[in-house]
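Take a look at the letters that make up each chain.
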Amino acid sequence: MNAPEIYPVPPGFAARAHVDAAAYERLYRSSIDDPDAFWRGQAAFIDWLQPFTQVSDTRFDPDDLRIRWFADGTLNASVNCVDRHLPAKAAQPAILWEGDRAGESRTVSWGELADRVNRLANVLKGLGVGKGDVVTIYLPVIPEVFVAMMACVRIGAVHSVVFSGFSSESLENRIADAGAKVLITADEGLRGGRVVPLKHNADRAVATQPSIRHVVVVRRTGAEVPFSPGRDLWYDEAVAAAEPWCEPVEVGAEDPLFILYTSGSTGKPKGLVHTTGGYLVHAGTSWRIIFDWHEGDVFWCTADVGWVTAHTYKIYGPLLNGATSVLFEGVPTWPDSSRWWSIIERHRVSIFYTAPTALRALMREGEGPVAKHDLSSLRVLGSVGEPINPEAWRWYHAVIGGGRCPIVDTYWQTETGAVLLVPIPGAIPNKPGMAAKPYFGIRPAVVDAQGQVLDGPGEGNMCFAGSWPGQARTILHDHERFVRTYFAPYPGYFFTGDGVRRDGDGYYRISGRVDDVINVSGHRLGTVELESAISSHPAVAESAVVGYPHEVKGHGVFAYVTLKEGFAESDELRREIVAWVRERIGPIASPDIVQWAPALPKNRAGKILRRILTKVAANDFQDFGDTSTVAEPGVVDDIVHRRRQELAGSN
Ligand code: WTA
C-alpha cells in the first residue's frame, strides 16, 4: 500500500486559529466526558430571552425517542442573526451579491437587511401569518432569500425553502405537505444566462393548493408575468408600504425554525423539522470554528439556498456571527469557467466552501481560467456534499489554494443540521478524501451489518451515539418514519445511510450511500422517487433506477426501463422519458442513461435485484454473486447482452 498522504496544518495557521491541535484534543475529550457542560458553554453564543435550565434531555431509544435541547429557553432567531450586529455594523456589508450576468452586483448592509426583514415580517403578519405557520420560499439566489427567511423567523413562522431548480410539481408536493399559507417567489430566475420561469411554475403549483392564501412576488428580471390581484402582491411595493419595525416574537428553543425536504430511500421526500435553540447554537458556533472565521474575513459558500448546506453554513452560520459573505446567483461556467475565480479576486474572498462535483467540472478546463486571477486572498477551503476524490482534492489544494490553504472536508446531512466529521483547520492535518475527525460532542460509531460496533480500523455503517443540538427532531407528519429510518436499524445509534472506513489514525472516510439514495452532483435523489416518475409515463410498464460512477457528477442516474406492449424502443422515446422526469422532479434528476430492459431481474418475492443492476450499470459484468434468487435467470443475461451492445455501439 502507498504511504498515506498527509498535509500538515500550514505553518503559522495554528497560532491564530480558534482551535489548535492541543485545544482540539482537550476540548474534544471534555465534550465527550461531559457533553452538557460543553454545549452549555457553546450556548452562551446565543442571546436568550429566557435562559434555559436544562441543557439536554435526549435518548436514542426507538421505542421512546427523545431529542430536546435547551428546552425551556426562549429566543428569537432574527434578533440573533441580524439585530445584535446593528450597533457595530449597520453600515457594513452583510451580503456582497453577484448576479448571473457579469457586472450586475449589489451590496446589502446590515442596516438595510434589518430594515427589509422588519418590513417583510410586517407584510407577512398582515397576510395572516403567525407563529408556527409555514411560509414556502421559492426564490433564486438573491438577497431577498435572506430577507424572507429572517422575516419568517422574526414572527415565529417556519420557513420551507424549495430549490428554485425544482419543477412546479415538486413545489406543489412540498407546499401540500407543509400546508404553507404564503409562498414567496420571483417573476423569473436567471442561471447561466437561462431564464427560469418561477412565477409560472409557482402559479401551476398553487392552483391546486388552497392552503396558500397569498403569493409575494419579488421582481428579479422585471418580466411581464401573470398576476392575480387579491392573491398576489409585489414584494417591493408591499415592503415599501410596511412599517419599518416589527417586534420579534419570543419562541421556545424546541419550537420549529424550518422545514427542509430531502429525498429518502422510499417514496416521497421527507420534510425534516429543525428547531430553534439547538440548531442555532450548533450552526453558529461550528461555522466559526470549522472555517476558522475571524473578523475581516470574506466568506463564500457556493451552495444553492435550497439545500441544507446553504441553510446552515451560508445563511445561519455567517448571519449569527455577523460575517460578510458573498452571494452568487449564477453557475461557475458562465459566461466562462473563470467566473468563480474572478469573484474571489474581486471580493478578496478568504474562505471558500464548495462541492467536489463543481471542482471536477472546473478541473477539466485546466489551469488557464484560474491563472488569470489573483486568488492570494484565500486562507481556508471547504468541501461538502459527497466524498471528494483525492485527485480533485489535490487540484483544489494546489491550484485553487496555492498549496497554502487547509481543506475542511465537512461531513454532515440535512438530518444532522450541522457538521459531524471535519478536519478543524488549525488542528487536524489533512488526508485527501477524508472527513477526518469528529466535531466536538460528536461520537462516531462504525457498525457492521450484524450491528456490532467496531473497535479500531475497519469498515461499516456510519452511525453516531448520543444526540447533538443541531439534529432534526422529526419528519413532518411522519414521526414513525423518522424513528424507523434513523434510529431503528441500530438501536442506541443514529444511522446516516452512509458507509464509512476508519483508518489506524482514527480518521474517517465516507464511502457513499448504502441505502437506495443516489448522490448526484452532491444532490440526494431517491431511486424510488425517480422510478415512480419514470413509471408514470404512459409508455412505461416498469423501471429500476441505480447510480453509476460518473466522472463529474460522482454518480449518474441509470434507468432500466421496461416498455408496455405496443410501444417500440426508440431514441425519441428515451429523450421523452428524460424530459418527463425533468418536468416532474427537475433538471437535477434527469436520467443520464436510459437502458431498455424487456424484463427486470427479480427474486421470487418480486423484489428487484438492484445489486445486479448496479454492477451492470458500472459496466461490471463479472461475478454477480448468488444469482439463484433470480426468478428468471435469462433476464440477467439479456440485460448484460444489451448493455454490451450499447457500449459497442457508442464506441
Ligand atoms: C453526502 C449535505 C462524504 C453523504 C450537507 C450524506 C458527504 C449526504 C459529505 C447528505 C462529505 C455530505 N464527505 N459524503 N464531506 N458531505 N455527504 O442532506 O452521503 O444534502 O449522507 O447534506 O451527502 O446530503 P445533504
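Numbers given for residues are sequential positions, taken from 1 along each chain in its written order. Totals for whole chains, interfaces and linings use all residues, but because this is a predicted model, local features are given only for residues with pLDDT of at least 70 and pairs of side-chain atoms are given and counted only at 80 or more. Heavy atoms throughout the structure, all of them, feed into the side-chain values; hydrogens and water do not.

Asker: Looking at this structure, I do not really get the site of the ligand. What am I missing?
Answerer: Nearness here has a simple test: a residue counts as near a molecule or strand if at least one of its heavy atoms is within 4 Å of that partner. Neighbouring the ligand are 17 residues, the closest being D409, T414, D498, R513 and R524. Between N or O atoms, a polar contact is any pair within 3.5 Å; within protein, one atom must be a potential hydrogen donor and the other a potential acceptor, and residues adjacent in sequence are included only when both atoms are from side chains. T414 places a polar side-chain atom, nitrogen or oxygen, 2.5 Å from an oxygen atom of the ligand. Numbering goes from the N terminus for both helices and strands, where a helix is a DSSP run of H or I of at least four residues and a strand is a run of E of at least two. Elements with a minimum of two residues in the shell around the ligand: α12 (308-321), β20 (407-410) and β25 (508-513). Here the residues of the shell around the ligand sort into six nonpolar, six polar and five charged. Ten residue types, Ala, Val, Leu, Ile, Met, Phe, Trp, Tyr, Cys and Pro, are classed as nonpolar, four, Asp, Glu, Lys and Arg, as charged, and the remainder, Gly among them, as polar.

Asker: Explain the UniProt feature "modified residue: N6-acetyllysine" (unreviewed entry) in the protein chain to me, please; I cannot follow it from the model alone.
Answerer: With numbering matched to this structure, UniProt assigns "modified residue: N6-acetyllysine" (unreviewed entry) to K607. Position of K607 relative to the elements: it lies in the loop between β30 (593-596) and α20 (610-617). Aside from chain neighbours lying at most four places away, what touches K607 is P601 and K602. UniProt positions are given in the numbering used here, feature names are shortened, and annotations may be inferred rather than shown by experiment. Any pair of residues with heavy atoms lying within 4.5 Å of one another is described as a contacting pair.

Asker: What's the story with the packing of aromatic side chains in this structure? I'm lost.
Answerer: For any pair of aromatic rings, the description rests on two quantities: the centre-to-centre distance and the angle between the ring planes. Note on aromatic contacts: the rings of Phe and Tyr and the six-membered ring of Trp form a pair at centre separations within 6.5 Å, being stacked when their planes are under 30 degrees apart, edge-to-face when over 60 apart, and tilted otherwise. Counted by the stated rule, this structure contains 43 aromatic pairs. Ring centres of W48 and F70 lie 5.6 Å apart, and the angle between their planes is 55 degrees; on these two criteria the pair is classed as tilted. Of this pair, W48 sits in the loop between α3 (35-43) and β1 (56-59) while F70 sits in the loop between β2 (66-69) and β3 (74-75), and the two are 22 residues apart along the sequence. Per residue, the accessibility class of W48 equals that of F70, and both read buried. Aromatic pair F60 and F487: ring centres 5.0 Å apart, planes at 65 degrees, arrangement edge-to-face. Of this pair, F60 sits in the loop between β1 and β2 while F487 sits in the loop between α17 (479-486) and β24 (493-502), and the two are 427 residues apart along the sequence. Here F60 matches F487 in class, with each residue buried. Grouping aromatic residues by their ring pairs yields a cluster made of Y24, Y28, F38, W39, W48, F52, W69, F70, Y439 and F440. The residue whose ring lies beneath R584 is W580, and the NZ or CZ to ring-centre distance is 3.6 Å. Accessible area is worked out with a 1.4 Å probe on protein chains only. A residue is then buried under 20% of its type maximum, exposed over 50%, and partly exposed in between. For a lysine, the NZ atom is tested; for an arginine, the CZ atom; a charge sits over a ring if that atom is within 6 Å of the ring centre and within 35 degrees of the ring normal.

Asker: Can you walk me through helix α18 (residues 527-535) in this structure?
Answerer: An α-helical turn contains 3.6 residues, so a residue and the one three or four places further along point in the same direction. Among the residues making up α18, those that are buried are T527, E529, L530, E531, A533 and I534. Residues of α18 that are buried make contact with β26 (517-520), β27 (523-526), β28 (540-550), β29 (554-563), α19 (571-584) and α20.

Asker: Just to check I follow, could you spell out the sheet that holds β20 for this structure?
Answerer: Strand pairs in the sheet, formed through backbone hydrogen bonds, run parallel or antiparallel to each other. Note on pairing: two strands pair once DSSP finds at least 2 bridges between them. Pairing is mixed in the open sheet, where seven strands are placed in the order β5-β4-β17-β16-β18-β19-β20. Looking at which strands have only one partner, the edges of the open sheet turn out to be β5 (105-109) and β20. Going across the sheet, the axis of each strand differs from the next one's by a mean of 20 degrees, ignoring polarity. Two strands pair when backbone bridges link them, and strand β4 (residues 93-98) and strand β17 (residues 324-328) are joined in this way by four bridges, in the parallel orientation. Paired with W97 across the strands is L327, a residue of β17. Only C-alpha atoms enter the line fits that serve as axes; for helices the fit covers just the stretch in contact. Angles between N-to-C directions range over 0 to 180 degrees. Most of the contacts of helix α6 (residues 110-126) go to β5, to which it runs at about 80 degrees, and overall it touches β4 and β5.

Asker: Looking at this structure, how should I read the nonpolar core?
Answerer: Inside soluble globular proteins, nonpolar side chains tend to come together where they are buried. Each nonpolar core is a collection of buried residues, namely Ala, Val, Leu, Ile, Met, Phe, Trp, Tyr and Cys, held together in the definition by side-chain atoms within 4.5 Å. Counting residues in each nonpolar core, the largest one holds 175 residues, and the members touching the most others are F70, L113, L120, Y316, I424 and Y439. Among residues more than four places away in sequence, those in contact with Y316 are C81, M149, M150, V153, H159, L257, F258, Y279, L280 and H311. Membership of the second largest hydrophobic core comes to 28 residues, among which are W300, W393, W395 and I407.

Asker: How should the side chain of R154 be read in this particular structure?
Answerer: Tracing the chain through its elements places R154 in helix α7 (residues 143-154). Every residue in contact with R154, bar those within four places of it in the chain, is listed here: N76, S78, V79, D83, V117, N118, A121, W245, C246, E247, P248 and V249.

Asker: Explanation requested: the state of the cysteines in the structure shown.
Answerer: By definition, disulfides here are pairs of cysteine sulfur atoms that lie within 2.5 Å. Inspection of the entire model under this criterion finds zero disulfides. Looking at the unpaired C81, the closest cysteine sulfur is the one in C152, lying at 13 Å. With no disulfide partner, C405 has as its closest neighbouring cysteine sulfur the one in C301, 17 Å distant.

Asker: Any chance you could explain unusual backbone geometry here in plain terms?
Answerer: Comment: phi is negative for the bulk of residues other than glycine, and the bulk of peptide bonds are trans. For the bond running from W334 to P335, omega is -5 degrees, close enough to zero to count as cis. Following the sequence through the fold, P335 ends up in the loop between β17 and α13 (339-347). For F70, which is not glycine, the phi dihedral falls at a positive 50 degrees. Positive phi, normally seen in glycine, also occurs at A436, with a value near 70 degrees. Considering the arrangement of structural elements, one finds A436 in the loop between β20 and β21 (443-447). Residue A436 is classed as buried on the basis of its relative accessible area of 1%.

Asker: Help me understand the packing of α7 against α12 in this model?
Answerer: Packed helix pairs are characterised by how far apart their axes lie and by the angle those axes make with each other. Axis separation between α7 and α12 bottoms out at 12 Å; the angle between their running directions is 70 degrees. Between α7 and α12, the angle is such that the two are roughly perpendicular. For the element pair α7 and α12, the recorded crossing hand is right-handed. Of α12, the residues touching α7 (which contributes F146, M149, M150 and V153) are H311, K314, I315, Y316 and L319. Geometric relationships in this document are graded by angle, where less than 35 degrees denotes roughly parallel, more than 145 denotes roughly antiparallel, 65 to 115 denotes roughly perpendicular, and other angles denote oblique. We call a crossing left-handed when the near helix sits turned anticlockwise from the far one by less than a right angle, and right-handed when that turn is clockwise.

Asker: Would you mind going over the sheet that holds β30 with me for this structure?
Answerer: With mixed pairing, the three strands of this open sheet are ordered in space as β28-β29-β30. Of all strands in the sheet, those bounded by a partner on one side alone are β28 and β30. On average, each strand axis in the sheet is inclined to that of its neighbour by 25 degrees, with strand direction left out of account. The sheet contact formed by β28 and β29 spans ten bridges and is antiparallel. Bridge pairing in β29 links Y548 to G556. Sitting on the sheet, α18 touches β28 and β29, and the angle it makes with β28 is about 140 degrees. Contacting β28, β29 and β30, α19 crosses the sheet at an angle of about 130 degrees to β30.

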